[in-house]
Amino acid sequence: MDKTSVERLLVVTSLLICTTNQVITAHLTVSPNSSQFFKGDTVSLSCKEDDSSAGWTLRKNITKQNITQCGDGWGEPAGSLCIIDYLFPWDSGVYWCESREGSTSNSITITVTGGAVILQSPVLPVMEGHDVSLHCQTKRPPSNHSADFYKDGSLIRTEPTGHMTIHHVTKSDEGLYKCHISSHGESPPSWIYVTEKPMTTSSPTSTTFTSSPPPSSTSLQLVITLLLHLVVFCPYLISTLLMVSLYRHRHRGNDLPVSMVMTSPEQAERGLDNDYDNVTTEHHF
């Protein structure tokens, strides 16, 4: 193997080591954390990707044919934030973050009403086992009124202060919620999402059955395993090839040309005769 081939092998190995298969995602957050707002309220939305938010754009979908981004007739971009100073009912819709490469974040639904009552509920999914607080609020103070709370159209309970807490939520608590205050009206409905609690690691004495990892994790593990094998195996391969190449060059330099002279049988016999003629026999008596 010549020097050029070795350099090519090193370049290919470096490229394989530097190759990554990471999927970068962002998370959309809303402040204040509510799915419903009154007309005229202010809201800020943020695309967060770990410690950076560069390259992500906030978009909203009012209808299936109308998708726009922050700054195109709504919202004011401010770094990683998009601030809507004055909400209108037509600002109701689905919002999400999108990267230049087309990756998308979680989506949220915001409802803006011109009515007198809203239901303040979490706009992001709630994990199983956590508590959820709901607040039936009026536009004008005082905001603490006796309120009826409904889930999927059925009355759950009546709270005298307009606050209701669901303790240790489960998947069965997921659904469409709304509230009603006498003499003020009814809030728009909002869907509350509940996510499953992550599986916890059991004690060493028990047998644990875990589901297979998602495709992205499996691919990442395969890439890491391949890179580890390359890092360990390539130096030995390169050193072996170099030693073989040096041995071949040294062996060729030490070989000397050898000529062989063939002697016929007649010449051999004559040579022997000549040798016998040159021998003098001496006897002693």
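Residues numbered from 1 in each chain as written. Predicted model: local features only at pLDDT ≥ 70, side-chain atom pairs only at ≥ 80, totals over all residues. Heavy atoms only, no water.

Colleague: Any chance you could explain the side chain of Asp173 here in plain terms?
Modeller: Following the sequence through the fold, Asp173 ends up in the loop between strand S15 (163-166) and strand S16 (175-181). Lys151 is the oppositely charged side chain nearest to the buried, salt-bridge-free Asp173, at an N-O distance of 6.3 Å. In this structure the side chain of Asp173 is engaged in a polar contact, spanning 2.9 Å, whose partner is the backbone nitrogen of Thr170. Filtering out sequence-adjacent residues up to four positions away, Asp173 remains in contact with Lys151, Ile166, His168 and Val194. (Helix = DSSP H or I, 4+ residues; strand = E, 2+ residues; numbered from the N terminus. Buried < 20%, exposed > 50% of the residue type's maximum accessible area, 1.4 Å probe, protein only. Lys, Arg positive; Asp, Glu negative; His and termini not counted. Salt bridge = Lys/Arg side-chain N within 4 Å of Asp/Glu carboxyl O. Polar contact = N/O pair within 3.5 Å; in protein donor to acceptor, adjacent residues only side chain to side chain. Contact = heavy atoms within 4.5 Å.)

Colleague: So what exactly am I meant to see when it comes to the pairing of S16 here?
Modeller: Side-chain direction in a regular strand flips from residue to residue, so the side chains alternate between the two faces of the sheet. Where strand S13 (residues 147-151) lies against S16, 5 bridges are found, and the strand directions are antiparallel. Bridge pairing links Asp148 to His180 in S16. Between S16 and strand S17 (residues 185-186), which follow one another and run antiparallel, lie 3 residues, and Ser183 among them has a positive phi close to 70°. (Pairing = 2+ DSSP bridges.)

Colleague: Looking at this structure, I do not really get the pairing of S13. What am I missing?
Modeller: In terms of residue burial, S13 counts as a mostly covered element, since 5 of its 5 residues are buried. Burial along S13 is two-sided: the face carrying Ala147, Phe149 and Lys151 and the face carrying Asp148 and Tyr150 are both buried. Bridge analysis of S13 against strand S14 (residues 154-159) gives 5 bridges, and the strand direction is antiparallel. Paired with Tyr150 across the strands is Leu155, a residue of S14. Here S13 folds back onto S14, and the loop between the two strands holds 2 residues, one of which, Asp152, carries a positive phi near 55°.

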